[in-house]
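Geometric and topological summary
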Amino acid sequence: MRQAGSTPLHVDLRRYLRETDEDRDLTRVICEVADATKYIINAIRTGDLGMAGTSNLYGEEQLALDVLSDRIIRKRLIHSGVVSCIASEESGEIQQIDPDCEQKYAVAYDPLDGSSLVDVNLAVGTIVSIYKGCDVLRPGREQVAAMYILYGPRTTLVYSTGRGVHEFAMNSLMEYTLNHENIQMSNGAAKIYSPGGQRSKYSSGTEEFARQLEAGGAKLRYSGGFVPDINQVLMKRNGVFMYPHLKNAPDGKLRVLYELNPMAFLIEQAGGAASTGKGRILDLQPRSIEDRAPIFIGSKESVALAERCISEAG
Ligand code: AFP
């Protein structure tokens, strides 16, 4: 097996997975999602931004793109033959695909996170969480893989199967080719921080954390899109993103299954940390697919500082 780190740049995703001896069926899931994004990109670039006229589980008006992106990914996963069940942020329920599920993969995904940003031409993304077996309602530490695709000025795909975090970029032929292998967060004080939610709703502990970040020279970088904001912390190998507990929303905003678990898996694989402010995100036991939790994610040092501030001041 080719050791990660010895692969030439620009090798394509499918070949990279094969040459790093990834499980064939898991490779199938990852590549089906990668292929689906080619149609999502087209929909974003040219599609109808009008409201779909339906609403998702959370009562949010579904943009046509949300619905379309969900449909594109769902169809490919269902026909892949290696998926046991699907949970999509847009549909709000778990769809059983194959009762013979032990050796198949359970997939939770947000087909187009940040879709409300498309009509102001900001970057959005697809987020995917993958478990082996029959169920997705499990702690994030049991994931076997996670990935996201970032539809920005460039389209990039980041994934991990538990053996490092690797970034691929889409070329002119719409193939994903290796760009960075084994991405590792650096330690040291945060140079950027990404604070979600209204500052006036922050707890004293979170307020103190933000104050200390700024005192340490961190600059605010926040787009309102979870995927680009996390990608910035990962690719700069430094910094912290937070969507904290708020006075009017003690569980914050972001969903455990579709957003927090996959990103926590990736950032931990890159040597960072992901916490609710009181404990590891990946140790949460989801009660329902609707679960939300506060998140502080990025450099280990910054996440540890957040936990100290919250432990001292709530
Ligand atoms: P939408 O998917 O509804 O646009 O929300 C995006 C998101 O879930 C996540 O991508 C962002 O980090 C977060 O919401 C931004 O929330 P605020 O708009 O409250 O800052």
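These numbers were taken from a predicted model, which means no experiment stands behind them. (Residues numbered from 1 in each chain as written. Predicted model: local features only at pLDDT ≥ 70, side-chain atom pairs only at ≥ 80, totals over all residues. Heavy atoms only, no water.)

**Considering the site of the ligand**
What counts is decided by this rule: Here a residue is considered near a molecule or strand provided that any single heavy atom belonging to it is located within 4 Å of it. In the analysis that follows, any N or O atom pair within 3.5 Å is treated as a polar contact, provided that within protein one partner can donate a hydrogen and the other can accept it, and provided that, for residues neighboring in sequence, both atoms belong to side chains. Here the open area of atoms and residues is found with the Shrake-Rupley method and a 1.4 Å probe, where only the protein chains shown may cover a residue.
Residues in contact with the ligand amount to 13 residues; listed here are only the nearest, Asp113, Ser116, Tyr222, Phe226 and Tyr243. At a separation of 2.6 Å, an oxygen atom of the ligand approaches a polar side-chain atom of Tyr222. Interatomic distance of 3.2 Å between a side-chain N/O atom of Glu259 and an oxygen atom of the ligand. Burial of the ligand by the protein amounts to 78% of the accessible area it has alone, namely 480 Å².

**So, the domain arrangement of the chain**
Condition: Where a domain begins and ends is set by an automatic assignment or by a domain database. By definition, residues are in contact when any of their heavy atoms lie within 4.5 Å. For any pair of parts, buried area is found by adding up, for both, the accessible area (1.4 Å probe) each one loses once the two are put together. Should a side-chain nitrogen of Lys or Arg be within 4 Å of a carboxyl oxygen of Asp or Glu, the pair is scored as a salt bridge.
When its domains are assigned, the chain resolves into domain 1 (13-180) and domain 2 (192-313). The gap between the C-alpha centroids of domain 1 and domain 2 is 22 Å. Opposite the 46 residues of domain 1 that make contact, domain 2 presents 32 residues. Across the domain 1/domain 2 interface, buried area totals approximately 2900 Å², and carbon plus sulfur atoms make up 65% of it. Linking domain 1 with domain 2 are two salt bridges, by the criterion used here. The shortest N-O distance in the salt bridge between Arg255 and Glu89 comes to 2.9 Å.

**Observations regarding the environment of Met242**
Note the threshold: Each helix corresponds to a stretch of at least 4 residues labelled H or I by DSSP, and each strand to a stretch of at least 2 residues labelled E; elements are numbered beginning at the N terminus. Each residue is placed in one exposure class: buried if its accessible area under a 1.4 Å probe, protein chains only, is under 20% of its type's maximum, exposed if it is over 50%, and partly exposed if it falls in between.
Mapped onto the fold, Met242 is located in strand E13 (residues 240-243). When its relative accessible area of 1% is taken as the criterion, Met242 is described as buried. Measuring from C-alpha to C-alpha, the distance between Met242 and Ala274 comes to 9.6 Å, with 32 residues separating the pair along the chain. If we ignore the near neighbours within four places in the chain, the residues touching Met242 are Tyr193, Ser194, Pro195, Gly196, Tyr202, Thr206, Phe209, Ala210, Ile295 and Phe296.

**Let's talk about the packing of aromatic side chains**
Rules: In this scheme Phe, Tyr and Trp rings, the latter by its six-membered ring, pair at centre separations within 6.5 Å, and the angle between planes marks the pair as stacked below 30 degrees, edge-to-face above 60, and tilted otherwise.
Tallied over the entire structure, the rule returns five aromatic pairs. Consider the rings of Phe209 and Phe296, whose centres lie 5.9 Å apart with planes at 70°: the pair is edge-to-face. Taken together, the residues Phe209 in helix H4 (residues 204-215) and Phe296 in strand E15 (residues 295-298) connect sequence positions 87 residues apart. Phe296 carries the same exposure label as Phe209, and that label is buried. Taking 6.3 Å as the distance between ring centres and 25° as the angle between the ring planes, the aromatic pair formed by Tyr222 and Phe241 counts as stacked. With a gap of 19 residues between them, Tyr222 in the loop between strand E12 (219-220) and helix H5 (226-235) and Phe241 in strand E13 connect regions that are remote in the sequence. Judged by relative accessible area, Phe241 falls into the buried class, the value being 2%. Among the aromatic side chains, those forming a connected cluster through ring pairs are Tyr16, Tyr159 and Phe168.

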